[in-house]
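Notes for the structure review
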Amino acid sequence: MEYLIGIQGPDYVLVAADNVAASSIIQMKHDYDKMFKLSEKILLLCVGEAGDTVQFAEYIQKNVQLYKMRNGYELSPSAAANFTRKNLADYLRSRTPYHVNLLLAGHDESDGPGLFYMDYMASLAKAPFAAHGYGAFLTLSILDRYYRPDLSRDEAVELLRKCVEELNKRFILNLPSFNVRLIDKDGIHDMEKITLIAK
Amino acid sequence: MALSDYCLLERLKKSQTNWGDPQHIYMPPFPQATPFISRRTSRFGPPNHVLTVQRPFPLSHGTTTLGFIFQGGVIAAADTRASAGGLVACPAVHKITPIHSHLVVTSSGSGADCMLWERILIREIRLYELRHKRRLSIRASAKLLSCMLHPFKGTDVCVALTLGPRVIYVCSDGARLQGDIISVGSGSPYAYGVLDGGLSWSLSKEEAISLAREAVFRATHRDAYSGNNVDLFHIDAKVQQVKQCKYVCSQRLRD
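Definitions and cut-offs
Residues numbered from 1 in each chain as written. Chains lettered and ligands numbered in written order. Predicted model: local features only at pLDDT ≥ 70, side-chain atom pairs only at ≥ 80, totals over all residues. Heavy atoms only, no water. Helix = DSSP H or I, 4+ residues; strand = E, 2+ residues; numbered from the N terminus. Contact = heavy atoms within 4.5 Å. Areas by Shrake-Rupley, 256 points an atom, 1.4 Å probe, with all protein chains shown as cover. Rg over C-alpha atoms; globule rule 2.2 N^0.38 Å. Buried < 20%, exposed > 50% of the residue type's maximum accessible area, 1.4 Å probe, protein only. Lys, Arg positive; Asp, Glu negative; His and termini not counted. Charge placed at Lys NZ, Arg CZ, Asp CG, Glu CD. Core = buried A, V, L, I, M, F, W, Y, C linked by side-chain atoms within 4.5 Å. Pairing = 2+ DSSP bridges. Axes fitted to C-alpha atoms, helices over the stretch in contact; angles between N-to-C directions. Phe/Tyr/Trp six-rings, centres within 6.5 Å; stacked < 30°, edge-to-face > 60°. Parallel < 35°, antiparallel > 145°, perpendicular 65-115°, else oblique. Left-handed = near helix turned anticlockwise from the far one by under 90°. Nonpolar A, V, L, I, M, F, W, Y, C, P; charged D, E, K, R; others polar. Patch = residues over 30% accessible without salt bridge, like charges linked within 9 Å, V, L, I, M, F, W, Y side chains within 5 Å. Salt bridge = Lys/Arg side-chain N within 4 Å of Asp/Glu carboxyl O. UniProt positions renumbered as here; feature names shortened; annotations may be inferred. Polar contact = N/O pair within 3.5 Å; in protein donor to acceptor, adjacent residues only side chain to side chain.

1. So, the overall build of chain B
When you go through chain B residue by residue, the secondary structure sums to six helices and 12 strands. Considering only intrachain contacts with a sequence separation of at least 6, the fraction spanning at least 24 residues in chain B is 62%. For chain B, the exposed area adds up to about 13,500 Å²; of that, 56% sits on carbon and sulfur atoms.

2. Observations regarding the overall build of chain A
Scanning chain A from N- to C-terminus turns up four helices and 13 strands. A globule of 199 residues ought to have a C-alpha radius of gyration of about 16 Å, and chain A, at 16 Å, matches this closely. Principal-axis analysis of the C-alpha atoms gives chain A an extent of 50 × 40 × 25 Å. Taken over 199 residues, chain A has a buried fraction of 54%. Residue pairs at least 24 apart in sequence account for 61% of intrachain contacts in chain A once pairs closer than 6 positions are excluded. As displayed, chain A offers around 9,300 Å² of accessible surface, 50% of which is attributable to carbon and sulfur atoms. Treating the 23 positive side-chain charges of chain A as one cloud and the 26 negative ones as another, the clouds have centres 3 Å apart.

3. Quick word on the nonpolar core
Counting residues in hydrophobic clusters, the biggest one holds 60 residues, and the most contacted among them are Leu44, Leu102 and Leu104 of chain A together with Leu66, Phe68, Ile75 and Tyr169 of chain B. Top contributing element to this core by residue count: helix H6 (residues 205-222) of chain B, with seven residues. Ala131, Tyr134, Ile194 and Leu196 of chain A belong to the second largest nonpolar core, which has 28 residues in total.

4. Some remarks on the sheet that holds strand E5 (residues 35-39) of chain A
Residues and elements named next belong to chain A. As summarised here, the arrangement of the five strands in space is E5-E6-E7-E8-E9, forming an open sheet in which the pairing is antiparallel. Among the strands making up the open sheet, the edge pair consists of E5 and strand E9 (124-126). Adjacent strand axes in the sheet meet at a mean angle of 20 degrees when their direction is disregarded. Bridge count between strand E7 (residues 100-108) and strand E8 (residues 112-118): seven bridges; the pairing is antiparallel. Counted as the bridge partner of Gly106 is Gly114 from E8. Sitting on the sheet, helix H1 (residues 50-71) is in contact with E5, strand E6 (42-48) and E7, with an inclination near 15 degrees to E5. Lying on the sheet, helix H2 (residues 77-92) is in contact with E6, E7, E8 and E9; it crosses E7 at an angle near 160 degrees.

5. Things to note about the packing of aromatic side chains
All names here are of chain A. The tally for this structure, following the rule as stated, stands at six aromatic pairs over all chains. Between Tyr3 and Phe178, the aromatic rings sit 6.2 Å apart at their centres with planes inclined by 90 degrees, giving edge-to-face as the arrangement. Taken together, the residues span a long stretch of sequence, with Tyr3 in the segment before strand E1 (4-8) and Phe178 in strand E11 (residues 177-184) at a distance of 175 residues. The two residues Tyr3 and Phe178 agree in class, both being buried.

6. Examining the packing of H1 of chain A against H2 of chain A
All names here are of chain A. Between H1 and H2, whose axes approach to 11 Å, the crossing angle comes to 135 degrees. Here H2 runs oblique to H1, going by the angle between their axes. Crossing hand, H1 versus H2: right-handed. Side by side, H1 and H2 meet where Phe56, Tyr59, Ile60 and Asn63 of the first sit next to Phe83, Thr84, Asn87 and Leu88 of the second. Residue composition of the contact of H1 with H2, by class: five nonpolar, three polar and no charged.

7. Here we look at unusual backbone geometry
Residue and element names in this part refer to chain B. You will see that Lys133, though not glycine, has its phi angle at about 60 degrees, which is positive. Its place among the elements puts Lys133 in the loop between helix H3 (111-132) and helix H4 (138-149). For Lys133, a relative accessible area of 72% translates into the label exposed. Positioned with a positive phi, Asn228 is a non-glycine residue whose angle comes to about 65 degrees. With respect to the helices and strands, the residue Asn228 is situated in the loop between H6 and strand E11 (230-235).

8. A closer look at a nonpolar patch on the surface
Together, Met1, Ile172 and Leu173 of chain A line one region of the surface with nonpolar side chains, adding up to about 300 Å² of accessible area. Using a relative accessible area of 33% as the deciding quantity, one classes Leu173 of chain A as partly exposed.

9. Some details on the UniProt feature "active site" (unreviewed entry) in chain B
Residues and elements named next belong to chain B. Feature annotation in UniProt places "active site" (unreviewed entry) on Thr63, given in this structure's numbering. When you line up the elements, Thr63 lands in the loop between helix H2 (22-26) and strand E1 (65-70). By relative accessible area, which is 2% here, Thr63 ends up buried. The contacts of Thr63, once residues within four sequence positions are left out, are Asp79, Lys95, Ser108, Val184, Gly185, Ser186, Gly187, Asp223, Tyr225 and Ser226. There is a polar contact of 2.8 Å between the side chain of Thr63 and the side chain of Lys95.

10. A closer look at the environment of Arg134 of chain B
Inspection of the secondary structure puts Arg134 of chain B in the loop between H3 and H4. Setting aside chain neighbours within four positions, we find Arg134 of chain B in contact with Tyr128 and Glu129 of chain B.

11. Structural notes on the packing of helix H3 (residues 135-146) of chain A against helix H4 (residues 153-170) of chain A
Packed helices, taken two at a time, are described by the angle their axes make and the gap between the axes. Residues and elements named next belong to chain A. Where H3 contacts H4, the two axes come as close as 9 Å, and the packing angle between them is 145 degrees. Two packed elements cross with a definite hand, and for H3 against H4 that hand is right-handed. Contacts from Gly135, Leu138, Thr139, Ile142, Leu143 and Tyr146 in H3 reach Leu159, Lys162, Cys163, Glu166, Leu167 and Arg170 in H4. For the contact of H3 with H4, the per-class residue count stands at seven nonpolar, two polar and three charged.

Here it is, written out as structure tokens:
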């Protein structure tokens, strides 16, 4: 139902998420933001069961900010990803597991850009590109075919647009618009929303 | 409320999950009507209790409630039928409750749960106001309700807060959404059909009221679990109960 995608470049990470907040068969909101800003250079994209997404993402968000307040410096993306995964794993075998699928994207001064794929079973993988949702079945092959590690920013946006057009063509659900953000050494930049007209 | 504390409300069982069934863990994500593992287990019935009515998709809550924003404030509307399976338990239920001078709550789902949580919310908002000497903001009230409901995932409550200059949807499964038009309940698709076509920001108060009434009426016409009268609230600076249309279903609205 929901769709997340991330593409890592040589010095940036491009992420996009759809804007639909649905309840059963009804689109309740058309402009819902699924990205949570963990710190100046880390974004968490969260989809999954209705209440779990916001609760878990805000929990992680506040803890990352608390770390900064206590220690004076921010968590690196890899540390934040591992922290998130640890929380997912701890709750997995409790009575209230969080059913959320996540993409964590960030830029570190020493390690460079990083994209981390996590799912509700508390798995963690650092990947050059990743996608969540039913739309991933349709778009991962496009990413496999056209991705290169040295994509420029425009080429990455073009690749993202290809994926979104494929979704528009073949995916049974209507996902009309997507939030797009880019993270590089200067922080998080909002890019132009991708809005498609239904064919 | 003292009784609830005496009965130790927090000792109510937390929601059960289906993790005991190993099939769920290893199943690939095929498209299904309910792609995510449903938490709805019957806590108060025997373990093999089965819902008597099979629905094609999980749209529950036999009601139609809606709220929308326009230039003249906020309109909240709901039907007044309380259904229990196939029985009309009560034809004149108040699904919209004023909980503060500027806040109104529309409820759908289990009637008892909604009444309880409305009272708890009223208590908490009033306590906050007394302790901190200022009003709790609307988004904070919604977040408070959402956080209070979080341990109770599995109860059939669905509360759509319609208040002040904001319409916020809070659900017992944890969803919290702010929007311009929200409709909740089994009659909500029909209501959306009418609202989406006729709603604009610049409606006058009378037009907005008649649109809301029309939307609920159409929903009650098509949905078996909604019916009887229409309750309407209009919120400007304060709550005003505007109109209560009588016997909507037998009236032909040709406004």
